[in-house]
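Here are the chains, one letter per residue:
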Amino acid sequence: MSISLPSLKKFHGKSVLFQRLFIFVKNISVKDMSGIDAGKKAAAIAAVNNHIKDQQIVGIGSGTTVVSAVQRIVERVKAENLKLICIPTSFQAKQLIVDNNLTLGTLEQYPELDVAIDGADEVDSNLVCIKGGGGCLTQEKIVASCAKEFIVIADERKDVAALGTTWKKGVPLEVVDLAYRPVQIHIERLLGGSAKLRLATQKMGPVVTDNGNFIIDWVFDRPGDWNQINTTLKMIPGVVETGLFVNMAKKAYFGKADGSVQVREPQVQNNV
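Residues numbered from 1 in each chain as written. Predicted model: local features only at pLDDT ≥ 70, side-chain atom pairs only at ≥ 80, totals over all residues. Heavy atoms only, no water.

A. How the structure looks around the packing of aromatic side chains. The full count for this structure, using the stated rule, is 4 aromatic pairs. Ring geometry for Phe150 and Phe245: centres 5.9 Å apart, planes at 35°, overall tilted. On the criterion of sequence distance, the pair formed by Phe150 in strand 8 (residues 147-155) and Phe245 in strand 13 (residues 244-245) is long-range, its members being 95 residues apart. According to the relative accessible area criterion, Phe245 is buried, its value standing at 0%. (Phe/Tyr/Trp six-rings, centres within 6.5 Å; stacked < 30°, edge-to-face > 60°. Helix = DSSP H or I, 4+ residues; strand = E, 2+ residues; numbered from the N terminus. Buried < 20%, exposed > 50% of the residue type's maximum accessible area, 1.4 Å probe, protein only.)

Shown next as structure tokens:
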């Protein structure tokens, strides 16, 4: 389906605390989509329309919502002759870039990005994100950290007041394989909860990341100071990276089944 550049109407939301805007993305056909898929597509299109510009270096995230973002980028590249360099966050993202004939780059060539667009498993009121459900958290965080703007896109289910509201699988951590058992013990002693080695479904044994590491999913008892928790987790020997994205997202787009998109900024402005 070919989507023309949507016209956008902006409405001020009622909640000043959450700095909410409501955008209705026109020209999106949702007749043949589920409500979730329609929401993902609406969020992706709105974010690409608002943040992608000519001559940019763009970080391409991973996951199902990013597929819609890449489709919209391709449409704009063809329609507007945009010149973009795309930096992948995973094997999947690289394949999306290559398969859609976008220009592929690396962080070695382009260590500073204009914008990175990625999905999330859950986003709280201050835009702290849990990411890594797809196992790409380390590359995703590296690319996001290199971007002037990190933009999150998701359907409305991911928009929550506190982490753990709907996402019950915990915080992913990428760990060196030989350290996974000591890391599990350290996490449970320091922070409580349950630290589980993620097992594969299409093979015997654990999930192995693009970097050759294992993933532990820490199912926490209750939300806390995520900045401090992230630091505590990172200090455990063997932990490569966490799926907590703290003080990183500048804006989040949450799509609804009717094609409307809720845009949110952090309650407390990031200082990074």
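B. Local environment of the confidence of the model for the protein. Mean pLDDT over the protein stands at 89; residues scoring 70 or higher make up 86%. When the criterion is pLDDT under 50, residues 1-30 qualifies, and its contacts beyond four places in sequence or with other chains add up to 78 contacts. (pLDDT = per-residue confidence, 0-100. Contact = heavy atoms within 4.5 Å.)

C. Region of the structure containing helix 5 (residues 180-191). Here helix 5 is 12 residues long and its end C-alpha atoms lie 16 Å apart, about the 16 Å a rise of 1.5 Å per residue gives. Listed as buried for helix 5 are Val183, Gln184 and Ile187. Buried positions in helix 5, seen along its axis, are confined to an arc of 105° and lie on one side of it. In this structure, the buried side of helix 5 is in contact with strand 9 (171-175), strand 10 (194-197), strand 11 (214-219), helix 6 (226-234) and strand 12 (239-242). (Expected span 1.5 Å × (residues − 1). Arc of directions from axis to C-beta.)

D. Seen up close, the side chain of Ser62. Looking at the secondary structure, you find Ser62 in the loop between strand 3 (56-60) and helix 2 (64-80). A residue is classified by how much of its surface remains accessible, and Ser62, at 9% relative accessible area, is buried.

E. A look at the nonpolar core. Counting 28 residues, the largest nonpolar core has Ile52, Ile60, Ile117, Ile153 and Tyr253 as the members making the most contacts within it. Listed by contribution, the elements that provide at least two residues to this core are helix 1 (35-51), strand 3, helix 2, strand 4 (84-88), helix 3 (91-99), strand 5 (113-118), strand 8 and strand 15 (260-264). Counting residues per element, this core draws most heavily on helix 1, at 6 residues. When residues no more than four places from it in sequence are discounted, the contact partners of Ile117 are Ala47, Val48, Ile52, Gly59, Ile60, Gly61, Val66, Ala69, Ile151 and Ile153. Ranked by size, the runner-up nonpolar core spans 22 residues in total, among them Ile130, Phe214, Ile216 and Ile236. (Core = buried A, V, L, I, M, F, W, Y, C linked by side-chain atoms within 4.5 Å.)

F. Geometry of the packing of helix 5 against helix 6. Interhelical geometry of helix 5 versus helix 6 gives an angle of 145° and a closest axis separation of 10 Å. Judged by the twist between their axes, the crossing of helix 5 over helix 6 is right-handed. Within the contact between the two elements, helix 5 uses Ile187, Leu190 and Leu191 and helix 6 uses Ile229, Thr232 and Leu233. Among the residues forming the contact of helix 5 with helix 6, the class breakdown is 5 nonpolar, 1 polar and no charged. (Axes fitted to C-alpha atoms, helices over the stretch in contact; angles between N-to-C directions. Left-handed = near helix turned anticlockwise from the far one by under 90°. Nonpolar A, V, L, I, M, F, W, Y, C, P; charged D, E, K, R; others polar.)

G. Spotlight on the sheet that holds strand 7 (residues 129-130). Overall, antiparallel pairing links the 3 strands, which are arranged 6-7-13 in an open sheet. Looking at which strands have only one partner, the edges of the open sheet turn out to be strand 6 (122-123) and strand 13. (Pairing = 2+ DSSP bridges.)

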